[in-house]
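# Tertiary structure, described
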Amino acid sequence: MSISVQLYPATSEHRSPGHQVHRDDGGRIRYKRVCELDGEEVVFADIAKAYEAADGTQVVLTDEDMSELPLPSKKIVDVLAFVDEAAIDPLMLSKPYYLGPASSAAAKPYVLIREALAGRSRAAVTKITLSTRESLALVRAQGEILTLQTMLWPDELRAPDGIAPTEKVTIRPQELKMAASLMDTLSEDFDLDEVHDDYQRAMDALVEAKATGGHPEAEEVVRDEGESNVVDLMSVLTASVKAAEKGHAKPAKETDGKTRTTTRSRPAAKSTSGRAAAKKSTSSRAEAKKSTSTRPRRKTG
């Protein structure tokens, strides 16, 4: 079964278009295609693709060789099977696309597949050609459209051998209960749309500030002062639950109209000199009392 479709990018990543420059004068760094045998620069038209055979032999493939490979049309999604969405390992999923009908004639089969998938909570495992490569993909219904997400081939997914801890670990019921409490607390009123790329925002602000000869205000960041190899899991979970219940720190208003996240400073360590002095004084009184009690009484009469 095949569907004539058109692919549309479904994502746009947060990336500043950086490039390499000469530190001294800011000149752009350029790379040339140079043949390692004669040292001459090679124009793009004279560049071919080479692959290594199993024995390491280099094999050059021409455009004619590549054209003989069994690649389907780029505008055709070849449906292999319909499966339950839960049967697909999320690790196999890759880049997402939106699918649209390639023509008015493709509208009816497009809607038919969309309604069939939505009504049964199933997905279509397909093959599609992207660029010059065939890719496995998963097609699902999402509202009024179909979505396609490229997949890894099954043999491209590595086995997680040797990753899980081999030590014998005992989880106490209190720890498991606390972990469940933390999960419940962090699940309340969570809105994924409110999660932002703070690093990219800071990068954009830095670029804009330096472009105008300034520098953005540094935000206060609380970092761990050290790490320990021994972790009290119960204490960590308890602290996490308390922090989650309190929520994020509210920004304090500044006089210039800007906001800055406030953080609580750690309380200063209490001095022990006063307690030591008091303890010493108490000890002296105790010694004096002991000396008085051991003094012989005078005989009377």
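Relevant structure appears above.
The following refers to the structure shown.

A separate point is a nonpolar patch on the surface. Among the surface-exposed residues, Val169, Ile171 and Leu176 lie close enough to one another that they form a single nonpolar patch of about 300 Å² accessible area. Summarising the element assignment, Ile171 is placed in the loop between strand S8 (145–151) and helix H3 (173–187).

Judged by side-chain charge, Asp63, Glu64, Asp65 and Glu68 come together as a negatively charged surface patch. Mapped onto the fold, Glu68 is located in the loop between helix H1 (63–67) and strand S4 (76–84). With a relative accessible area of 65%, Glu68 lands in the exposed category.

Let us now look at the pairing of strand S7 (residues 133–142). For strand S6 (residues 122–130) and S7, the ladder comprises seven bridges, and the chain directions are antiparallel. The partner of Thr129 across the bridge, within S7, is Glu134. Remark: two residues form the turn of the hairpin made by S6 and S7, two consecutive strands paired antiparallel; Ser131 in that turn has positive phi of roughly 60 degrees. Bridge count for S7 against S8 is seven bridges, and the pairing is antiparallel.

Its place among the elements puts Ser67 in helix H1. C-alpha of Ser67 to C-alpha of Thr132: the two residues are 65 residues apart in sequence and 9.6 Å apart in space.

Looking now at unusual backbone geometry. The phi dihedral of Ser121 is positive, around 55 degrees, even though this residue is not glycine. Tracing the backbone through its elements, the reader meets Ser121 in the loop between helix H2 (107–120) and S6. What makes Ser121 exposed here is its relative accessible area of 53%.

Next up on the list: the nonpolar core. Across soluble globular proteins, nonpolar side chains show a tendency to be buried alongside one another. Of all hydrophobic cores here, the largest spans 16 residues; its most connected members are Leu99, Val139, Leu146 and Leu148. Of all the secondary structure elements, the ones that give two or more residues to this core are strand S1 (2–9), S4, strand S5 (93–101), H2, S6, S7 and S8. Excluding its chain neighbours within four sequence positions, the residues that come into contact with Leu148 are Val77, Lys95, Pro96, Tyr97, Leu99, Thr126, Ile128, Ala137, Leu138 and Val139. The next biggest cluster of nonpolar side chains, apart from the first, holds seven residues, and it includes Met92, Ala123, Val125 and Leu136.

Between its terminal C-alpha atoms helix H4 (residues 198–211) stretches 20 Å, which fits the 20 Å expected from 14 residues at 1.5 Å a residue. Looking one or two places after H4, you find Gly213, whose phi comes out positive at around 80 degrees.

How each quantity is defined
Residues numbered from 1 in each chain as written. Predicted model: local features only at pLDDT ≥ 70, side-chain atom pairs only at ≥ 80, totals over all residues. Heavy atoms only, no water. Patch = residues over 30% accessible without salt bridge, like charges linked within 9 Å, V, L, I, M, F, W, Y side chains within 5 Å. Areas by Shrake-Rupley, 256 points an atom, 1.4 Å probe, with all protein chains shown as cover. Salt bridge = Lys/Arg side-chain N within 4 Å of Asp/Glu carboxyl O. Helix = DSSP H or I, 4+ residues; strand = E, 2+ residues; numbered from the N terminus. Lys, Arg positive; Asp, Glu negative; His and termini not counted. Charge placed at Lys NZ, Arg CZ, Asp CG, Glu CD. Buried < 20%, exposed > 50% of the residue type's maximum accessible area, 1.4 Å probe, protein only. Pairing = 2+ DSSP bridges. Core = buried A, V, L, I, M, F, W, Y, C linked by side-chain atoms within 4.5 Å. Contact = heavy atoms within 4.5 Å. Expected span 1.5 Å × (residues − 1).

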